[in-house]
Amino acid sequence: MRVKICGITCVEDAEVAVQAGADALGLVFYPPSPRNVSPEQAAEIARAVSPFAVLTGLFVDAHPDQVEQVVQQVPLNLLQFHGAETALYCRQFRRPYIKALRMKPDLDPLEAMAPYVDARGFLLDAYRPGVPGGTGDTFDWQRVPRSSGRSIVLAGGLNPDNVAEAIRAARPDAVDVSGGVEASPGRKDPHKVRAFIHAARSACEQNLQKEFEQ
Ligand SMILES: O=C(O)c1ccccc1N[C@@H]1O[C@H](COP(=O)(O)O)[C@@H](O)[C@H]1O
């Protein structure tokens, strides 16, 4: 079980997340978001954190030049495309990427994943019309495909109180949280970050124990 803390806007929050055991940090390059960071802020965060934390850059239907400019300035390990980007679009940067899929009621996730043959994984998020992400909404975790053969990151409205249940229901490879561990828009609450990671790790251990006993 990997844990990604998304929407990091400052060095202090990045350090809290990594010390609490986060595997990955998300940096949002989407100006309408309260978690948006400039390439300069992102580069400062990148310099401060452990080289073993996976730094993920989140984009929403960005112009390719914007993505190129960011990847020149910030040592990102992974790109996260959170809009309506096609597989061709995602592939052009020749960097490891995950594709976010918003779980609209009529969406078949396996069908939606199919074109992204080179994606490193898929982040499944709640669907709210007109809002690309970071909504704080959950979706029906039973809709997460089992044994798809692809890495699945579960997101959408997760928090320290529901992440264990979400992991038990969906059995994802990773979980991702943004608003559920915030003190205010764009700032993380250290207690919530630690509680979230602890709850996710405990739920994963319980799942493993159950499988061992069966
Ligand atoms: O965090 C944002 O502001 C954001 C903006 C636009 C697209 C995606 C965004 N965040 C991603 O949304 C999901 C769910 O967020 P939340 O936990 O429900 O607040 C999360 O995976 C972020 O990666």
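Along each chain, residues carry numbers from 1 onward, in the same order as the chain's sequence is written. A pLDDT threshold of at least 70 governs which residues receive local features in this predicted model, and a stricter bar of 80 or more applies before side-chain atom pairs are shown or counted, although totals over entire chains, interfaces and linings include all residues.

## Thoughts on the UniProt feature "domain: N-(5'phosphoribosyl) anthranilate isomerase (PRAI)" (unreviewed entry) in the chain
Stated precisely, the cut-off is as follows: UniProt positions are given in the numbering used here, feature names are shortened, and annotations may be inferred rather than shown by experiment. The secondary structure listing takes helices from DSSP runs of H or I that are at least 4 residues long and strands from runs of E that are at least 2 residues long, numbered from the N terminus.
Under the feature "domain: N-(5'phosphoribosyl) anthranilate isomerase (PRAI)" (unreviewed entry), the UniProt entry names residues 3-198. What you have in residues 3-198 is 29% helix and 21% strand, and the ends, taken at the C-alpha atoms, are 10 Å apart.

## Some words on the pairing of strand S6 (residues 121-125)
Inclusion rule: Counting other C-beta atoms within 10 Å of its own, a residue is labelled buried from 20 upward, exposed at 12 or fewer, and partly exposed in the gap between, with every C-beta atom placed from the backbone. Strand pairing requires that DSSP identify at least two bridges connecting the strands.
Burial analysis of S6 places five of its five residues in the buried class, which makes it a mostly covered element. The alternating pattern of S6 places Gly-121, Leu-123 and Asp-125 on one face and Phe-122 and Leu-124 on the opposite face, and all of these are buried. Direction of pairing for strand S5 (residues 97-102) relative to S6: parallel, over a ladder of five bridges. Opposite Ala-100, over in S6, you have Leu-123 as the bridge partner. Here three bridges tie S6 to strand S7 (residues 152-154), and the two strands are oriented parallel to one another. When the bridges of S7 are listed, Leu-123 appears paired with Val-153.

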